[in-house]
Amino acid sequence: MEKIKRPLNEDETEKQELSLPQKKYYRQRAHSNPIADHDFDYPSCPEAYDWSTLYPDITNEKSNIYNKRVEMLDIGCGYGGLLVTLSPMFMDSMILGMEIRVKVSQYVIERIKALRANQPNCYDNIACIRTNAIKYLPNFFKKGQIKKMFFLYPDPHFKKSKHKWRIINDTTLSEYAYVLAEEALVYTVTDVKDLHEWMVKHFSEHGLFKRVEDDDLKDDPVVDKLYESSEEGKKVTRNNGDKFLAVFMRIKDPDL
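None of these values were measured; they are calculated from a predicted model. (Residues numbered from 1 in each chain as written. Predicted model: local features only at pLDDT ≥ 70, side-chain atom pairs only at ≥ 80, totals over all residues. Heavy atoms only, no water.)

**Considering the overall build of the protein chain**
When helices and strands are tallied, the protein chain shows eight helices and seven strands. Residue pairs at least 24 apart in sequence account for 80% of intrachain contacts in the protein chain once pairs closer than 6 positions are excluded. Element-wise, carbon and sulfur atoms account for 48% of the exposed surface of the protein chain, whose accessible area totals about 14700 Å². (Helix = DSSP H or I, 4+ residues; strand = E, 2+ residues; numbered from the N terminus. Contact = heavy atoms within 4.5 Å. Areas by Shrake-Rupley, 256 points an atom, 1.4 Å probe, with all protein chains shown as cover.)

**Remarks on the UniProt feature "binding site: S-adenosyl-L-methionine" (unreviewed entry) in the protein chain**
Look at the UniProt record and you will see "binding site: S-adenosyl-L-methionine" (unreviewed entry) annotated at Gly76, Glu99, Ile100, Asn132, Ala133, Leu152, Ser230, Glu231 and Glu232. One can find Asn132 in the loop between strand 3 (126–130) and helix 4 (133–140). On the basis of relative accessibility, which here comes to 2%, the residue Asn132 falls in the buried class. Engagement of the side chain of Asn132 in a polar contact is seen with the backbone nitrogen of Ile134, the distance being 3.0 Å. By relative accessible area, which is 8% here, Leu152 ends up buried. (UniProt positions renumbered as here; feature names shortened; annotations may be inferred. Buried < 20%, exposed > 50% of the residue type's maximum accessible area, 1.4 Å probe, protein only. Polar contact = N/O pair within 3.5 Å; in protein donor to acceptor, adjacent residues only side chain to side chain.)

**Brief notes about the sheet that holds strand 2 (residues 94–99)**
Taken in spatial order, the seven strands of this open sheet run 3-2-1-4-5-7-6, and their pairing is mixed. Edge positions in the open sheet fall to strand 3 and strand 6 (209–211), since each of these has one partner strand only. Averaged over neighbouring strand pairs, the angle between their axes works out to 20 degrees when direction is ignored. Where strand 6 lies against strand 7 (residues 244–250), three bridges are found, and the strand directions are antiparallel. Bridged to Arg211 within strand 7 is Phe248. Running over the sheet, helix 3 (residues 102–118) touches strand 2 and strand 3 and is turned about 155 degrees from strand 3. (Pairing = 2+ DSSP bridges. Axes fitted to C-alpha atoms, helices over the stretch in contact; angles between N-to-C directions.)

**Concerning the pattern of salt bridges**
Opposite charge on two side chains permits pairing when their charged atoms draw close. All chains considered together, the criterion is met by seven salt bridges. Lys147 is the salt-bridge partner of Glu71, the closest N and O atoms lying 3.5 Å from each other. Highlighted residues: Glu71 in strand 1 (residues 70–75) and Lys147 in strand 4 (residues 146–152), separated in sequence by 76 residues. Given a relative accessible area of 46%, Lys147 falls into the partly exposed group. For Asp194, the salt bridge is made with Arg166, and the minimal N-O distance between the two is 3.1 Å. (Salt bridge = Lys/Arg side-chain N within 4 Å of Asp/Glu carboxyl O.)

**A closer look at the UniProt feature "active site" (unreviewed entry) in the protein chain**
The sites that UniProt annotates as "active site" (unreviewed entry) are Asp155. Within the fold, Asp155 resides in the loop between strand 4 and helix 5 (170–179).

**Quick notes on the pairing of strand 7**
For strand 7, the buried fraction is high: five of the seven residues fall into the buried class. Relative to strand 7, strand 5 (residues 180–190) runs antiparallel, the two being bridged by six bridges. Note on strand 7: the bridge partner recorded for Val186 is Phe248.

**Overview of the layout of surface pockets**
Counted as a void, the second largest pocket has a volume near 250 Å³. In terms of lining, the second largest pocket is formed by 15 residues, of which the most central are Asp57, Met91, Asn121, Cys122 and Asp124. Residue composition of the lining of the second largest pocket, grouped by class: five nonpolar, six polar and four charged. (1 Å grid on protein atoms, 1.4 Å probe; cavity = no way out; pocket = protein on both sides within 12 Å on 5 of 7 lines; lining within 4 Å. Points joined across faces, edges and corners; volume = space filled by probe spheres on them. Nonpolar A, V, L, I, M, F, W, Y, C, P; charged D, E, K, R; others polar.)

**Considerations on helix 6 (residues 193–205)**
End to end, helix 6 covers 18 Å across 13 residues, agreeing with the expected 18 Å (1.5 Å per residue, within 8%). Taken together, the buried positions of helix 6 are Leu195, His196, Trp198, Met199, Val200, His202 and Phe203. On its buried side, helix 6 packs onto helix 5, strand 5, strand 6 and strand 7. (Expected span 1.5 Å × (residues − 1).)

Structure (structure tokens):
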């Protein structure tokens, strides 16, 4: 005789809806070609994007972040560890993660949705979208809009023939400089020494960035959070790997 399932009550239904997503269902290969043509939705210009779909509280005039814009950007945000870490630290700032991989970005979106539901009035200032930051940053952000930008354990693309895929190169740095405000900070962390040297070289040779000395980072509350807030950082720690940090400041255009 077939058993009849009783309907779930409201509390049980809500409990099911609030379960945090499990990473094992969202695994995806680590490498993605950022130069290839992917199917992305993106606005024609920053004014054309409806940010209220990502940050519902910006439609609430009583909110601290009402009528503000995204100021912090985690490019290649992975599973969203840094976003979750930064959220309570900068509650009055809108923080966005960009991730090119379909399943990984969907995990972050579902994670934030569950966190918001489980903890009302928390995590309203973070969001994630799937896009290609190399191609579409100016479509989302105005000139000089971003104050903090993060690159945590980016794909090293070890083969020399694929170095053009690296998220930091001559072309992309000019794009980043465009959306970064003067004196904005760019944080980079990697466990690959060759990639660290590559990023330092390219930032240092670009005319709109200068490296921030380590002594000047001692009072920066963000720095200590960069090493292990992401899943990749925790993996490096478990494997006793090295971690290389470099922070750069967006300086004023010398031609101006």
